[in-house]
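Chain and residue survey
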Amino acid sequence: MKRILIDMDGVLADVYSRLFELHKEVTGELLCQDDVAGKLEEEAFPLQRQWVMSAGFFRSLPVMPGSIERVRKLNEKYHVVIISLATEFPASLTDKQYWLHEHFPFITWRQIVFCGDKSLVKADILVDDHPKNLDTFEGETIMFTQPHNLYLTTRHRRAGNWDEIERMLL
Ligand SMILES: [Mg+2]
């Protein structure tokens, strides 16, 4: 069975929806995709680092549309491992684990890797939104489209949503 690594933020968790909400709450300004496209999250949202370091931020994120059913199907065909750069933000660790248990209850604790460097984990396929993680991966790579990577040209196959991942992998 092939092993597939699936990133959380920007792939399973819709971080941007929450960042747009918080930005509106704090500044009154309603940003849209075009305002933040091509910028890293911390460039697009000046308070991003403060928010992601707060307890509860990752617990509150909406689920990426279509992801639950597709991960459930992938879980029958592949060895699915959910991977997240979480140790940089200690408050995120329990938030992320409870979030996974709530929304993806079929993912067991053996299938979760919280780390600070994704290149430490070997697998056949990596689905991630950040080129910095995909570039060093030795297997098949799929870049999940998010505003920050919208204009990037890379060697990675691009998936715009979970329908496309289903067509690629299922
Ligand atoms: Mg990510």
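In the block above lies the structure referred to throughout.
Reference entry: report on the structure contained in this document. In this text, all values refer to a predicted model and were calculated from it rather than measured experimentally. (Residues numbered from 1 in each chain as written. Predicted model: local features only at pLDDT ≥ 70, side-chain atom pairs only at ≥ 80, totals over all residues.)

1. Some thoughts on the environment of Gln33
Rules: Strands are runs of DSSP state E lasting at least 2 residues, helices are runs of H or I lasting at least 4, and numbering of each runs from the N terminus.
Here Gln33 lies in helix H2 (residues 33-36). With 119 residues separating them along the chain, Gln33 and Leu152 place their C-alpha atoms 15 Å apart.

2. A look at the environment of Ala123
Counted only if it meets this: Residue pairs qualify as contacts under a 7 Å threshold applied to their C-beta atoms, which are placed from the backbone.
Within the secondary structure layout, Ala123 lies in the loop between strand S3 (112-115) and strand S4 (125-128). Distance in space between the C-alpha atoms of Ala123 and Glu140 is 8.8 Å, their sequence separation being 17 residues. Dropping the residues within four chain positions of it, Ala123 is found in contact with Arg3, Ile4, Leu5, Val81 and Gly139.

3. Thoughts on helix H6 (residues 92-103)
Just so we agree on the cut-off: The span expected for a helix works out to 1.5 Å for each residue beyond the first. As a rule, residues whose C-beta atom has 12 or fewer other C-beta atoms within 10 Å are exposed, those with 20 or more are buried, and those in between are partly exposed; C-beta atoms are placed from the backbone. The arc in question is formed by the directions pointing from the helix axis toward the C-beta atoms.
The terminal C-alpha atoms of H6, which comprises 12 residues, lie 16 Å apart, in line with the 16 Å expected from a rise of 1.5 Å per residue. Among the residues making up H6, those that are buried are Ser92, Lys96 and Leu100. Looking straight down H6, one finds that the buried residues subtend no more than 65° of arc, so they occupy a single side. What points out from H6, more than 90 degrees from its buried face, is the exposed set Tyr98 and Glu102. Elements that come into contact with the buried residues of H6 comprise strand S2 (79-85) and S3.

4. Quick look at the sheet that holds S4
Put simply, the rule reads: Should DSSP find at least two bridges between two strands, the strands are taken to pair. Geometry is summarised by axes, namely lines fitted to C-alpha atoms with helices restricted to the contacting stretch, and by angles between N-to-C directions that run from 0 to 180 degrees.
The sheet built from six strands is open, its strands ordered S3-S2-S1-S4-S5-S6 with parallel pairing. In the strand order of this sheet, the two ends are held by S3 and strand S6 (157-159), each with one partner. Taking each pair of neighbouring strands and ignoring which way they run, the sheet shows an average axis angle of 25°. Packed on one face of the sheet, H6 meets S2 and S3 and runs near 160° to S3.

5. Re the packing of helix H5 (residues 67-77) against helix H8 (residues 162-169)
Applicable threshold: The labels follow the angle: roughly parallel below 35 degrees, roughly antiparallel above 145, roughly perpendicular from 65 to 115, and oblique for the rest. Should the near helix be turned counterclockwise from the far one by less than a right angle, the crossing is left-handed, whereas a clockwise turn marks it as right-handed. Under this grouping Gly is polar, as are all residues other than the nonpolar Ala, Val, Leu, Ile, Met, Phe, Trp, Tyr, Cys and Pro and the charged Asp, Glu, Lys and Arg.
Running from amino to carboxyl end, H5 crosses H8 at an angle of 15°, the nearest separation of the two axes being 9 Å. Considering their axes alone, H5 and H8 lie roughly parallel with respect to each other. Crossing angle aside, the handedness with which H5 passes H8 is left-handed. Of H8, the residues touching H5 (which contributes Ser67, Arg70 and Leu74) are Trp162, Ile165, Glu166 and Leu169. Its residues assigned to classes, the contact of H5 with H8 comprises four nonpolar, one polar and two charged.

6. Some remarks on the pairing of S4
Judged from the three bridges that link them, strand S1 (residues 3-7) and S4 form a sheet pairing that is parallel. Across the sheet, Ile4 pairs through a bridge with Ile125, a residue of S4. Sheet analysis places S4 next to strand S5 (residues 140-144), joined by four bridges and oriented parallel. In the sheet register, Ile125 faces S5, and the bridge partner there is Glu140.

7. Describing the pairing of S1
Where burial is concerned, most of S1 is hidden: four out of the five residues are buried. Pairing geometry for S1 and S2, over five bridges, is parallel. Pairing of Ile4 across the sheet is with Val80, part of S2.

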